[in-house]
Amino acid sequence: MAFAKDFLWGGAIAAHQAEGAYREGGKGIATSDVIHGGKGRFEEVQNPQAIRKNIEAPEGYFPEHIAVDFYHRYKDDVALFAEMGFKVFRTSISWARIFPNGDDTQPNEQGLAFYDSLFDELLKHGIQPLITLSHWELPINLTKKYNGWASRDLIPLFERYAKTVFERYKGKVKYWLTFNEINMSLHKPFKGAGVLIDDPAQREALTYRACHNKLVASALAVKACHEILPDAKIGSMVASITVYPYTSHPDDNWKRLEIERESYALTDVQTRGKYPAWLKRQFEKNGIDIGMTADDEKILREHTVDFVSFSYYFSNAVLSGDHASAEPGTSIFGDAVRNPYIKTSEWGWQIDPKGLRIALNFLHDRYQKPLFIVENGLGAKDVVEADGAINDDYRIEYLREHIKAMKAAVEKDGINLMGYTPWGCIDIISAGTGEMSKRYGFIYVDRDDEGKGTLNRSRKKSFFWYKGVIASNGENL
Ligand code: BG6
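Residues numbered from 1 in each chain as written. Predicted model: local features only at pLDDT ≥ 70, side-chain atom pairs only at ≥ 80, totals over all residues. Heavy atoms only, no water.

Got a minute to help me understand the sheet that holds strand β9 (residues 336-337) in this structure?
Within a beta sheet, neighbouring strands are joined by backbone hydrogen bonds and run either parallel or antiparallel to one another. Within the open sheet, the 3 strands sit side by side as β6-β8-β9. Their pairing is mixed. Strand pairing shows two members of the sheet lacking a second neighbour, β6 (242-245) and β9, which therefore form its edges. As defined by bridge partners, strand β8 (residues 315-318) adjoins β9 across 2 bridges and the pair is classed as antiparallel. Looking across to β9, one finds that alanine 317 is bridged to valine 337. Against the sheet, helix α11 (residues 250-272) touches β6 and β8, its axis set at about 165 degrees to β6. (Pairing = 2+ DSSP bridges. Helix = DSSP H or I, 4+ residues; strand = E, 2+ residues; numbered from the N terminus. Contact = heavy atoms within 4.5 Å. Axes fitted to C-alpha atoms, helices over the stretch in contact; angles between N-to-C directions.)

It is not clear to me how the site of the ligand should be interpreted in this structure. Could you clarify?
Within the structure, the ligand sits among 14 residues, and Gln17, Glu181, Gly432, Lys438 and Tyr440 are positioned closest to it. The separation between an oxygen atom of the ligand and a polar side-chain atom of glutamate 181 is 2.6 Å. Burial of the ligand by the surrounding chains reaches 94%, relative to a free accessible area of 370 Å². Here the ligand occupies the largest pocket. Considering only residue class, the shell around the ligand consists of 6 nonpolar, 5 polar and 3 charged. (Near = heavy atom within 4 Å. Polar contact = N/O pair within 3.5 Å; in protein donor to acceptor, adjacent residues only side chain to side chain. Areas by Shrake-Rupley, 256 points an atom, 1.4 Å probe, with all protein chains shown as cover. 1 Å grid on protein atoms, 1.4 Å probe; cavity = no way out; pocket = protein on both sides within 12 Å on 5 of 7 lines; lining within 4 Å. Sits in = over half its atoms within 2 Å of the grid points. Nonpolar A, V, L, I, M, F, W, Y, C, P; charged D, E, K, R; others polar.)

What should I look at first to understand the packing of helix α8 (residues 154-168) against helix α10 (residues 203-228) in this one?
When two helices pack together, their arrangement is given by the angle between the helix axes and by the axis-to-axis distance. With their axes 9 Å apart at the nearest point, α8 and α10 run at an angle of 25 degrees to one another. By the angle between their axes, α8 is roughly parallel relative to α10. The two elements α8 and α10 meet at a crossing, and its hand is right-handed. Within the contact between the two elements, α8 uses Ile155, Phe158, Glu159, Ala162, Lys163, Phe166 and Glu167 and α10 uses Asn213, Val216, Ala217, Leu220, Ala221, Ala224, Cys225 and Ile228. Residue composition of the contact of α8 with α10, grouped by class: 11 nonpolar, 1 polar and 3 charged. (Parallel < 35°, antiparallel > 145°, perpendicular 65-115°, else oblique. Left-handed = near helix turned anticlockwise from the far one by under 90°.)

How should the nonpolar core be read in this particular structure?
In globular proteins that are soluble, nonpolar side chains generally tend to be buried together. Among the nonpolar cores identified, the biggest contains 133 residues, and Phe81, Trp149 and Trp176 are the most heavily contacted of them. Among the elements that make up this core, the one with the highest residue count is α10 (15 residues). The residues contacting phenylalanine 81, other than those within four sequence positions of it, are Phe70, Phe86, Phe89, Ile127, Cys425, Ile426 and Ile443. (Core = buried A, V, L, I, M, F, W, Y, C linked by side-chain atoms within 4.5 Å. Buried < 20%, exposed > 50% of the residue type's maximum accessible area, 1.4 Å probe, protein only.)

Which parts of the structure should I look at to understand the environment of isoleucine 234?
Checked against the element boundaries, isoleucine 234 lands in strand β5 (residues 233-239). Distance from isoleucine 234 to aspartate 104, taken between C-alpha atoms, is 25 Å for residues 130 residues apart in sequence. In contact with isoleucine 234, not counting residues within four places along its chain, are Phe166, Trp176, Thr178, Ala221, Val222, Cys225, His226, Val305, Asp306 and Phe307.

Would you mind showing me how to read the pairing of strand β1 (residues 8-12) here?
Walk down a regular strand and you will see the side chains alternate between the two sheet faces. Of all 5 residues making up β1, 5 are buried, and the element is well covered by its neighbours. Of the two faces of β1, both are covered, the one formed by Leu8, Gly10 and Ala12 as well as the one formed by Trp9 and Gly11. The pairing of β1 with strand β2 (residues 88-92) spans 3 bridges and is parallel. Residue pairing in the sheet places glycine 11 in a bridge with phenylalanine 89 of β2.

Any chance you could explain the layout of surface pockets here in plain terms?
Using a probe with the size of a water molecule, rolled over the atoms, empty space left in the structure can be pinpointed. Taken as a whole, the largest pocket holds about 860 Å³ of empty space. Taken together, 39 residues form the lining of the largest pocket, with Lys188, Trp349, Gly432, Thr433 and Lys438 sitting closest to its centre. Among the elements that make up the lining of the largest pocket, the one with the highest residue count is helix α2 (residues 41-44) (3 residues). Across the lining of the largest pocket, the residue classes break down as 14 nonpolar, 15 polar and 10 charged. (Points joined across faces, edges and corners; volume = space filled by probe spheres on them.)

Got a minute to help me understand the packing of aromatic side chains in this structure?
How two aromatic rings sit relative to each other is set out by the distance from centre to centre and by the angle between their planes. Counting across every chain of the model gives 33 aromatic pairs. Ring geometry for phenylalanine 307 against phenylalanine 372: centres 6.2 Å apart, planes inclined by 45 degrees, an arrangement best described as tilted. Of this pair, phenylalanine 307 sits in strand β7 (residues 307-311) while phenylalanine 372 sits in strand β10 (residues 371-375), placing them 65 residues apart in sequence. What makes phenylalanine 372 buried here is its relative accessible area of 0%. The lysine or arginine in question, arginine 459, covers the ring of phenylalanine 463, its NZ or CZ lying 5.5 Å from the ring centre. (Phe/Tyr/Trp six-rings, centres within 6.5 Å; stacked < 30°, edge-to-face > 60°. Lys NZ or Arg CZ within 6 Å of the ring centre and 35° of its normal.)

How should I be thinking about the pattern of salt bridges in this particular structure?
For side chains bearing opposite charge, pairing can occur when the charged atoms are close. Summed over the entire model, instances satisfying the criterion amount to 34 salt bridges. Arginine 457 serves as the salt-bridge partner of aspartate 77, at 2.8 Å between the closest nitrogen and oxygen. A residue pair is termed long-range when its members are at least 10 positions apart, and aspartate 77 in helix α4 (residues 70-84) and arginine 457 in strand β13 (residues 457-459) qualify at 380 residues. Looking at aspartate 77, the relative accessible area reads 1%, which means it is buried. (Salt bridge = Lys/Arg side-chain N within 4 Å of Asp/Glu carboxyl O.)

How should the environment of valine 195 be read in this particular structure?
Relative to the elements of secondary structure, valine 195 occurs in the loop between α9 (189-193) and α10. Residues within four places of valine 195 in sequence aside, it is in contact with Asn147, Gly148, Trp149, Ala150, Pro189, Phe190 and Ala210.

For this particular structure, what's the right way to read helix α15 (residues 393-411)?
In an α-helix, one full turn covers 3.6 residues, which means residues spaced three or four apart are oriented alike. Counted at 1.5 Å a residue, the expected span for α15 with its 19 residues is 27 Å, and the 26 Å between its end C-alpha atoms agrees. Those residues of α15 that fall on the buried side of the exposure criterion are Arg395, Ile396, Tyr398, Leu399, His402, Ile403, Ala405, Met406, Lys407, Ala408, Ala409 and Val410. Looking at the buried residues of α15, the elements they touch are β1, α14 (353-367), β10, β11 (417-420) and α16 (461-471). (Expected span 1.5 Å × (residues − 1).)

I'm lost on the packing of α4 against α16 in this one. Help?
Close contact between α4 and α16 brings their axes to 8 Å; oriented N to C, the two are set at 55 degrees. Classed by the angle they form, the pair α4 and α16 counts as oblique. Contacts from Leu80, Glu83 and Met84 in α4 reach Phe463, Tyr466, Lys467 and Ile470 in α16.

Just to check I follow, could you spell out unusual backbone geometry for this structure?
Glycine aside, residues mostly have negative phi angles, and peptide bonds mostly take the trans form. With a phi angle near 60 degrees, aspartate 69 is a residue other than glycine that sits in the positive phi range. Checked against the element boundaries, aspartate 69 lands in the loop between α3 (48-56) and α4.

Where do I start with α4 in this structure?
For α4, built from 15 residues, the straight-helix expectation of 21 Å at 1.5 Å per residue is missed by more than 12%, its first-to-last C-alpha distance being only 18 Å. Along α4, the sharpest kink reaches roughly 40 degrees, centred on aspartate 76. Within the sequence span of α4, burial applies to Phe70, Tyr71, Tyr74, Asp77, Val78, Leu80, Phe81 and Met84. Count one or two residues on from α4 and you reach glycine 85, which has phi positive near 95 degrees. (Bend = angle between axes of the 7 residues up to and from the residue.)

Read these as layout, nothing more, since geometry by itself doesn't imply function.
As structure tokens, then:
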């Protein structure tokens, strides 16, 4: 058998993409509450004027306000996760439910109580919570008052929030992650760090400063977790993208290396306790002051993470110069090209199971820490047949091939893998597009891109398939 008996099979979501109830239980408005859905979302999150307008005079449909109403329906949803045999369930705590303004001196008891009941419900079914402290949202007041993570003021505020939830959920939560996809803050500063950038010339300086502040806060959370919950494990989380050179031209391979080292630079700090040399040189060359203090250096050095978690959806190819021509590809770093050997999803993401095995080997070699795949999956449109069936064979095929790759990495490459939580185990709002129609779930939710629908849940074909995968510990694929 490839997987250990205690391998953590499960699924993952994030608070803002699922909970809804955006003004209930004393919750404050979060950065995720001021972004519209649809095709314009990508531009909107990069546009400070548009975001300020949404904060001051919100108009139109904001998908995260209701999302899939997990806040009210979590008991039924957890029962469905239990039916599939989940051993672990990843979600995040919404910071704005606990500290509605981010800088309040006292936490909001109703917010704390909500997560108490969610964790109790999971534990009742034998499901371990895996909790992200911050998944692409923060109280909007922190953007208004401090420009988000661009300010060091957020470090002690986050530390207080982290200590509050560690104390409260002592004995309930054994697995923690600090920040979701920390490297994404470099590409999406508002979503990742609540930072609005008015002057494009300041972009590099502001994003790296924000990331540095997040790294110090992450290390302080690791410290607090180790002190308050000595038996718990706390990890980092990175968006892992396997990058290939488009040709064997040395410049293409160099470009791959540049993209790769940028993607992992922040995780390098979280695992090794110091910045990589190339990035320090880049800061010097570009006159970037991240505000590093002697104390920061010590905190980063002394409080590294216990394990490395990551998301993996697709791989990318990159091309340097014009020595070959290629079609443009879809990626977060802008200049990817299409890899002709790999097919794409309806959203242009290139489907590459072997890329997951490569990522597992790469991260294992680089960090020598246990790994956890906390996101993986296929965003696709589903069709509900007349009899209510949802035959999502494309999703089963995607997951089957990725699990095979993961299995090979464990069995043949000796990778130490803690678990696997496919993304959006129940349909939720897409973070990238705000759409409902980009579905990842084993459980279908009746809701559309305009917010219409009953919100009723139903089991897809993949639900029964994944149940069999877990029951056989990954043997029946
Ligand atoms: C990851 C995020 O980047 O990808 C999730 O951590 C997100 O929040 C997931 O939902 C899938 O992306 P999308 O845009 O299809 O929702």
